[in-house]
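Given next are the chains, with one letter for each unit.
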Amino acid sequence: MKVLFVCLGNICRSPLAEAVFKHKIQSEKFGKNVLADSCGTSNYHIGDLPDERTRKNAAKNGVEMSHRGRQISASDLKEFDYILAMDRSNYHNILNLPGADSYHHKVLLMRAFDPEEGDEVPDPYYGSEEDFQEVFDILDRAVDGFINRIRKELL
């Protein structure tokens, strides 16, 4: 199984979601059979490391990150089994890719798996350290919910 996490620039939310997912999936029996990546719908940060504040927040929460920014491509729609968008804008950007009509069923909002009420993972880019922690907390819960879903599929 292959999972892709998507935000706008691929320097805050999606690489953190990828890192949290990889951290948590290690302890699962099926963890070795699941691959994860992240990307952005824009081309703003191709090749860049995640935002320094994201990396500091991940480290503070015991999560290692190793990612370079990349932009989503139409081929990702075919390659990945799940494509998890951080917000509605990126969700629609994904569905506007060439050929996306055939893969609509794979594209979901990340917060669909969050047990707490909420629609989108907010973009912390212009925010404070507390905003980055809020995003971590949301992703931590939503990733748990997502792992519960795929556990049922894989076991």
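Here the structure is a predicted model, which is why all the values come from computation and not from measurement.

Re the overall build of the protein
Counting its secondary structure elements, the protein contains 5 helices and 4 strands. Counting from the amino terminus, helix and strand elements in the protein follow one another as β-α-β-α-α-β-α-β-α. For the protein, the spread of C-alpha atoms along the three principal axes comes to 40 × 35 × 30 Å. For the protein, buried positions account for 51% of its 155 residues. In the protein, the proportion of contacts linking residues at least 24 apart, taken out of those at least 6 apart, comes to 75%. Looking at the protein as shown, the accessible area adds up to about 7900 Å², and 47% of this sits on carbon and sulfur atoms. The average position of the 20 basic charges and that of the 26 acidic charges among the side chains of the protein differ by 6 Å.

A look at the pairing of strand S1 (residues 2-7)
Among the 6 residues that make up S1, 5 are buried, leaving the element largely enclosed by the rest of the structure. With 6 bridges connecting them, S1 and strand S2 (residues 35-40) associate as parallel partners. Looking at the pairing, phenylalanine 5 lines up with serine 38 of S2. Read as a crossover between parallel neighbours, the route from S1 over helix H1 (residues 13-25) to S2 is right-handed. Pairing geometry for S1 and strand S3 (residues 82-85), over 4 bridges, is parallel. Residue pairing for S3: leucine 4 is matched across the bridge by isoleucine 83.

Comments concerning the packing of aromatic side chains
Inspection of every chain in the model, using the stated rule, returns 5 aromatic pairs. Clustering of aromatic rings is evident, with ring pairs tying together Phe5, Phe21, Tyr82, Phe113 and Phe146. Over the ring of phenylalanine 80 we find lysine 2; its NZ or CZ atom is 5.1 Å from the centre of that ring. In this structure, arginine 53 packs its charged tip against the face of tyrosine 125, placed 5.3 Å from the ring centre.

Thoughts on the sheet that holds S2
Ordered by their spatial adjacency, 4 strands build an open sheet running S2-S1-S3-S4, and the pairing between neighbours is parallel. What marks the edges here is a single partner per strand, and that holds for S2 and strand S4 (107-109). In this sheet, adjacent strand axes meet at a mean angle of 25° when their direction is disregarded. In this fold H1 packs onto S1 and S2, with an angle of close to 150° to the strand it touches most, S1. Sheet strands touched by helix H5 (residues 129-154): S1, S3 and S4. Its angle to S3, the strand with the most contacts, is close to 170°.

Let's talk about the nonpolar core
Judged by nonpolar contacts, the single largest core of 30 residues is most densely connected at Phe5, Phe21, Met110 and Phe146. Counting residues per element, the ones that place at least two in this core are S1, H1, S3 and H5. Among the elements that make up this core, the one with the highest residue count is H5 (9 residues). With residues near it in sequence (within four places) discarded, methionine 110 still touches Phe5, Leu84, Ala85, Met86, Val121, Leu139, Ala142, Val143 and Phe146. Counting residues in hydrophobic clusters, the runner-up holds 15 residues, among them Val6, Ile72, Leu97 and Ala100.

Parameters and conventions
- Residues numbered from 1 in each chain as written.
- Predicted model: local features only at pLDDT ≥ 70, side-chain atom pairs only at ≥ 80, totals over all residues.
- Heavy atoms only, no water.
- Helix = DSSP H or I, 4+ residues; strand = E, 2+ residues; numbered from the N terminus.
- Buried < 20%, exposed > 50% of the residue type's maximum accessible area, 1.4 Å probe, protein only.
- Contact = heavy atoms within 4.5 Å.
- Areas by Shrake-Rupley, 256 points an atom, 1.4 Å probe, with all protein chains shown as cover.
- Lys, Arg positive; Asp, Glu negative; His and termini not counted.
- Charge placed at Lys NZ, Arg CZ, Asp CG, Glu CD.
- Pairing = 2+ DSSP bridges.
- Right-handed = clockwise from strand over helix to strand, strands pointing away.
- Phe/Tyr/Trp six-rings, centres within 6.5 Å; stacked < 30°, edge-to-face > 60°.
- Lys NZ or Arg CZ within 6 Å of the ring centre and 35° of its normal.
- Axes fitted to C-alpha atoms, helices over the stretch in contact; angles between N-to-C directions.
- Core = buried A, V, L, I, M, F, W, Y, C linked by side-chain atoms within 4.5 Å.

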